[in-house]
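Residues per chain are reported as follows:
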Amino acid sequence: MKITDAKVIVTCPGRNFVTLKIITDEGVYGIGDATLNGRELAVASYLQEHLVPCLIGRDPHQIEDIWQYFYRGAYWRRGPVTMTAIAAVDTALWDIKAKIAGLPLYQLLGGKSRSGVMVYGHANGRDIEETSDEVAKYLEMGYKAIRAQAGVPGLASTYGVSKDKLFYEPADANLPSENAWSTAKYLDSAPHLFEKLRERFGFGPHFLHDVHHRLTPIEAARLGKAFEPYRLFWMEDATPAENQEGFRLIRKHTTTPLAVGEVFNTIYDCQTLIAEQLIDYIRTTVVHAGGITHLRRIFDFASLYHVRSGCHGATDLSPICMGASLHLGIAIPNFGVQEYMRHTKETDDVFPHAYSFRDGCLYPGETPGHGVDIDEALAAKFPYSRAYLPVNRLEDGSMWNW
Ligand code: KDG
Ligand code: MG
């Protein structure tokens, strides 16, 4: 069996997505997500110019060898653009292998370890009351886990607080928009959100919170402590993790579970965090961390240290990534939770998929492969449109982490 063609498809059904489609001489094809928010065309070009020519003529069954060929063979290892491109190839190859076997992908990963994949949705509002009402809506929809974010009093805009409730899309402008940030104001207000949520909803639902890399380790330690009475499922991205050792300080001071990793792209980005048990959930994804092959490696390593999965699942990860992630999530022993930000109808139409939501869980479906396809004719009707994530500044104008 041979790969005869591979094409890069860029489409924008409300937001940009990059997809790799690998075609074989037996007519079977596979697809992989290659979307890197705000840098989409860099990955499209990396694939088109550098990986696609090396794929033609190869045996699509040699997934591990092809992965190593692109990882070691590039000489320039790691980085989000490289690892997203490798992920797209890897995901498409697993899709092909499972289709040829006539099995849903999870069967090739060891079969089901659980009946469904618990997901968390996003409740956000301009203030605590609005967020609390959003939480109520998610509970009505059957969610068991909900991430809650509320506007910070005194700040004009805050990360995670969208105009459009169900379909939050942070890449909102064709040049970066600017948010303002005050750590002091945030630290004063954030614990009250969870105090009020526990008062209203009790201790049944799981609540999560995303700090979005905005604190120093000691500030994050203080926040984690303040959250303790409200028993969060996790505090996410408490501090930037380029310096993995920073988490030692947070860990010393709080028992609030810690999650990190949506911007990581290899196992080396979380090696210390996992081996020293500085975190509880690793949030790396199929699309940004080298595909099924590498993500499985990260999760197996994590399983040795009581660290569970918590895959990133924002709208900038296409339904292909979501489908692949669900197959992995249902199979691995150390699954934690899966983020699920709903895609718009236009996106779901471009990417028909077998997965479905029921009672707070997603189910990958039984279609051979990862169960997600692309309607190329429809995709062609939505041309690429440049869009950036916002940037963030402190009140004195200094650049800060978004
Ligand atoms: O591309 C960036 C978004 O995916 C990110 O801001 C969303 O932090 C996020 C999350 O946890 O979903
Ligand atoms: Mg996040």
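Model, not experiment: these values are computed from the prediction.

1. Topic: the coordination of the magnesium ion (ligand 2)
Then step 1. Taken together, Asp210 (OD), Glu236 (OE) and Glu262 (OE) make up the full set of protein donors to the magnesium ion (ligand 2), lying 2.0 to 2.2 Å away.
Then step 2. One chain supplies every donor for the magnesium ion (ligand 2), spaced along it as D-x25-E-x25-E. Taken together, the residues span a long stretch of sequence, with aspartate 210 in strand β7 (residues 206–210) and glutamate 262 in the loop between β9 (258–260) and α9 (271–275) at a distance of 52 residues.
Then step 3. Given a relative accessible area of 2%, aspartate 210 falls into the buried group.

2. Quick word on the domain arrangement of the protein chain
Then step 1. Structurally, the protein chain comprises domain 1 (3–104) and domain 2 (108–366).
Then step 2. Measuring from the centre of the C-alpha atoms in domain 1 to the corresponding centre in domain 2 gives 26 Å.
Then step 3. Contact residues are listed per partner, giving 32 residues for domain 1 and 33 residues for domain 2.
Then step 4. When the two sides are added together, the surface that domain 1 and domain 2 hide from each other amounts to roughly 2,500 Å², 62% of it contributed by carbon and sulfur.

3. Regarding the pairing of strand β3 (residues 29–33)
Then step 1. The element β3 is largely enclosed, with a buried count of four among its five residues.
Then step 2. Judged from the five bridges that link them, strand β2 (residues 17–24) and β3 form a sheet pairing that is antiparallel. Paired with leucine 20 across the bridge in β3 is glycine 32.
Then step 3. Here β2 folds back onto β3 in antiparallel fashion, the turn holding four residues, of which glycine 27 has a positive phi close to 85°.

4. Overview of the state of the cysteines
Then step 1. Scanning the model with the defined rule gives zero disulfides in all.
Then step 2. For the unlinked cysteine cysteine 321, the closest cysteine sulfur is that of cysteine 311, found at 7.3 Å.
Then step 3. We note that cysteine 361 lacks a disulfide partner, and the nearest cysteine sulfur, in cysteine 311, lies 15 Å from it.
Then step 4. Taking relative accessible area as the criterion, cysteine 361 reaches 13% and is therefore assigned buried.

Parameters at a glance
Here the residue numbering is sequential within each chain, running from 1 through the sequence in written order. The naming scheme follows written order: chains are lettered A onward, ligands numbered 1 onward. Given that the model is predicted, a residue must reach a pLDDT of at least 70 before its local features are reported, and side-chain atom pairs must reach 80 or more before they are shown or counted; all residues, however, enter totals for whole chains, interfaces and linings. Excluded from the side-chain calculations are hydrogens and water; all other atoms, namely the structure's heavy atoms, are used. Donor atoms: N, O and S within 2.8 Å of the metal, or within 3.2 Å for Na, K and Ca. Because water is excluded, sites can look incomplete. The helix count covers DSSP runs of H or I at least four residues long, the strand count covers runs of E at least two residues long, and both are numbered beginning at the N terminus. Each residue gets one of three labels from its accessible area relative to the maximum for its type: buried under 20%, exposed over 50%, partly exposed in between, using a 1.4 Å probe on protein chains only. Where each domain starts and ends follows an automatic or database-derived domain assignment. In what follows, a contact means two residues having at least one pair of non-hydrogen atoms within 4.5 Å. Summed over both partners, the accessible area lost on bringing two parts together, with a 1.4 Å probe, is the buried area. Strand pairing follows a simple DSSP-based rule, namely that at least 2 bridges must link the two strands. By convention in this document, the label disulfide applies to cysteine sulfur atom pairs within 2.5 Å.

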